[in-house]
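# Topology and contacts: notes
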Amino acid sequence: MLKVERVPNILVIGDLMIDEYLWGSCERISPEAPVQIVDIKKETRVLGGAGNVINNLVSLGANVGVMSVIGSDEVGHELKSMLGELGVKSFLIEQAGRKTSRKTRLMASHSQVVRYDKESKNDISPQSVQALYERFLEKINAYDIVLLSDYAKGVLTKELIEKIISYSNKKDKKVLVDPKGSDFSIYEGAYLLTPNKKEAELASGIKIENDTSLKEALSKLQEEASLGVSVITLSENGIAILEKDEVVVKPTVAREVYDVTGAGDTVLASLGFALSLEKDIYTSVEFANLAAGVVVGKIGSATVTMDEIEEYQASLHKSSIELHIKSRDEIERISDRLKKQNKKVVFTNGCFDILHKGHVSYLNVAKSFGDVLILGLNSDASVKRLKGESRPINCEDDRAYILSALECVDYVVIFDEDTPYELISKVEPDVLVKGADYEGKVVVGSDIAKQTKLVEFVDGKSTTRTIEKIQKAES
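Notes on the structure follow.

### Notes on the sheet that holds strand E12 (residues 239-243)
- As summarised here, the arrangement of the 3 strands in space is E11-E12-E13, forming an open sheet in which the pairing is antiparallel. Strand pairing shows two members of the sheet lacking a second neighbour, strand E11 (230-233) and strand E13 (246-250), which therefore form its edges. With strand direction ignored, the average angle separating the axes of adjacent strands in the sheet is 20°.

Shown next, in the form of structure tokens:
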């Protein structure tokens with residue numbers, strides 16, 4: 001799983017549009033013509049085109065800037081409002097007479113009946129190209145990486161693409177492109193492109209049928225566009241990478257494919273997110289595969305969050321032990337998500353210095369009270385204050401690692417205070433669990449949790465007794 005040590009700043013440039021959906025039901029045929037009559041029940045609007053890349057970046061936790069050219073029309077004003085609600089920084093140029101793209105889909109019983117578009121598809125004016133490029137020069141230093149989302153609606157002209165890539169390379173900033181058309185040479189100098197197999201075949205003129213033809217297509221695209229890395233997405237087969245004349249295919253596993261709409265946008269966004277954190281290409285592609293695996297399991301253009309990727313990775317039995325060790329901020333976000341999923345959250349805490357049968361039995365019982373068990377672990381400093389200078393025997397990192405490997409423990413969070421009250425206030429658990437020795441005593445956090453449970457210890461099992469036994473054997 002990708003380790004996010006800072007918030008990346010990512011600039012998206014491309015064709016923005018609004019995807020509008022008219023949802024209804026159809027129960028009769030028109031008497032005027034042999035067509036369905038759809039009774040509209042609901043209307044929804046979402047960002048489309050480059051907007052879906054933006055949505056994915058925001059849901060992953062990036063700071064996002066967007067540059068584009070739109071019309072001075074009602075759709076353009078609505079689009080700006082939607083971007084504002086997302087919290088992204090918009091650097092938009094309005095061009096008189098241009099229609100901002102809106103694609104309207106008529107949906108009856110979850111099936112698309114018809115789609116109609118209102119948009120301008122011609123290249124933006126030379127004045128708009130210059131204005132957008134000048135805005136790019138002003139803002140590029142604030143961003144780690146540049147993503148070009150080309151939907152062939154006229155914003156990314158050949159001249160503008162060339163200028164953006166050339167200047168970005170001078171500033172040592174990678175440019176990633178979701179390409180369109182058959183001439184990929186217009187993206188010359190980009191770090192990588194993200195064509196799917198069909199797009200790569202069209203651009204390279206090579207039918208991809210086996211490993212040999214795959215390498216030939218990757219090589220040709222890399223040569224024609226002078227790419228840093230050549231990549232082709234292979235749908236359910238993963239992503240192929242050519243680096244230093246070697247082809248590596250990173251496979252993906254989708255639990256169930258419902259809809260591939262927007263998967264390409266998710267791949268571009270997740271690759272950009274990982275590479276902006278200075279991850280290598282292989283780590284970045286593995287992350288993009290996981291992100292795509294999540295979105296194809298959703299219906300419609302979809303976004304993905306870090307929590308969903310982590311949960312998905314765990315479901316594929318590829319989750320590492322470290323993924324279960326969380327910071328306080330991370331566990332607060334996870335707790336909020338679990339509540340929205342109506343999961344029953346259980347919390348307990350302790351030192352768990354030398355793990356023994358009593359600990360495992362206690363934690364197993366604690367987990368039985370709900371769906372997810374979050375364990376607050378006393379830090380080394382906290383244990384010393386509670387147990388004395390000779391403790392702990394095992395450091396906090398070792399204790400957290402061992403505990404997170406237990407099947408009954410979902411998350412471990414280290415806390416430094418004498419009590420876990422602040423941590424409990426972040427988690428707001430449904431059930432708070434403590435040992436039976438707290439019978440008749442006030443349990444810290446019981447005023448926050450909905451319910452408090454006391455669990456009996458296994459007779460004769462304790463860390464203190466284990467230490468005493470070791471000391472006797474050594475004497």
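### Describing the pairing of E12
- Most of E12 sits out of view: 4 of its 5 residues are buried.
- Alignment of E11 against E12, held across 4 bridges, turns out to be antiparallel. Considered in E12, the bridge of Thr233 is made with Ile239.
- Between the end of E11 and the start of E12, which pair antiparallel, lie 5 residues, with Ser235 showing a positive phi angle near 55°.
- Sheet topology places E12 next to E13; 5 bridges connect them, and they run antiparallel. Opposite Ala240, over in E13, you have Val249 as the bridge partner.

### Looking at the sheet that holds strand E1 (residues 9-14)
- Sheet architecture is open: 6 strands sit in the order E5-E4-E1-E8-E9-E10, paired in parallel fashion. The sheet is open, and its two borders are formed by strand E5 (89-95) and strand E10 (192-193), each paired with just one other strand.
- Alignment of E1 against strand E8 (residues 145-149), held across 5 bridges, turns out to be parallel. Among the inter-strand pairings, Val12 is bridged to a residue of E8, identified as Leu147.
- Running at roughly 170° to E1, helix H1 (residues 50-60) makes contact with E1, strand E4 (63-71) and E8 of the sheet.

### Considerations on the nonpolar core
- Counting residues in hydrophobic clusters, the biggest one holds 53 residues, and the most contacted among them are Leu57, Leu83, Leu147, Leu176 and Phe273.
- Contacts of Phe273, omitting those with residues within four sequence positions, involve Leu2, Val4, Pro8, Ile10, Leu57, Leu60, Gly61, Ala62, Phe287 and Met306.
- By size, the runner-up hydrophobic cluster in this structure holds 42 residues, among which are Met67, Ile93, Phe136 and Ile164.

### Let's talk about the layout of surface pockets
- Approximately 830 Å³ is the volume attributed to the second largest pocket.
- Considering the residues around the second largest pocket, the lining is formed by 26 residues, among which Met306, Glu310, Lys326, Glu330 and Arg333 are closest to the centre.
- Within the residue set of the lining of the second largest pocket, elements represented by two or more residues are H1, helix H9 (306-315), strand E14 (325-326) and helix H10 (328-340).
- Grouping the amino acids of the lining of the second largest pocket by side-chain chemistry returns 10 nonpolar, 5 polar and 11 charged.

Calculation notes
- Note that residues are indexed from 1 along each chain, following the sequence as it is written.
- Side-chain atom pairs in this predicted model are given and counted only at pLDDT of 80 or more, local residue features only at pLDDT of at least 70, and totals for whole chains, interfaces and linings cover all residues.
- As a convention, hydrogens and water are excluded, and side-chain values are obtained from all of the structure's heavy atoms.
- Strands are treated as partners if at least two bridges between them are detected by DSSP.
- Secondary structure follows DSSP: runs of H or I at least 4 residues long count as helices, runs of E at least 2 residues long count as strands, and numbering of each begins at the N terminus.
- An axis is simply a line fitted to the C-alpha atoms; with a helix, the fit covers only the stretch in contact. Between two such axes, the angle follows the N-to-C directions and lies from 0 to 180 degrees.
- Only protein chains enter the accessibility calculation, which uses a 1.4 Å probe; a residue whose area is less than 20% of its type maximum is buried, one above 50% is exposed, and one in between is partly exposed.
- Note on definitions: a residue-residue contact is assigned when non-hydrogen atoms from the two residues lie within 4.5 Å.
- The criterion is simple. A nonpolar core is a set of buried Ala, Val, Leu, Ile, Met, Phe, Trp, Tyr and Cys residues joined through side-chain atoms within 4.5 Å.
- Here a cavity denotes a set of grid points, spaced 1 Å apart and computed over the protein atoms alone, in which a 1.4 Å probe fits but from which it cannot get out, and a pocket denotes an open set meeting protein on both sides within 12 Å along at least five of seven lines; residues with an atom within 4 Å of a point are reported as lining.
- Grid points are joined across faces, edges and corners, and a volume is the space filled by probe spheres set on the points.
- Polar here means any residue other than Ala, Val, Leu, Ile, Met, Phe, Trp, Tyr, Cys and Pro, which are nonpolar, and Asp, Glu, Lys and Arg, which are charged; Gly is therefore polar.

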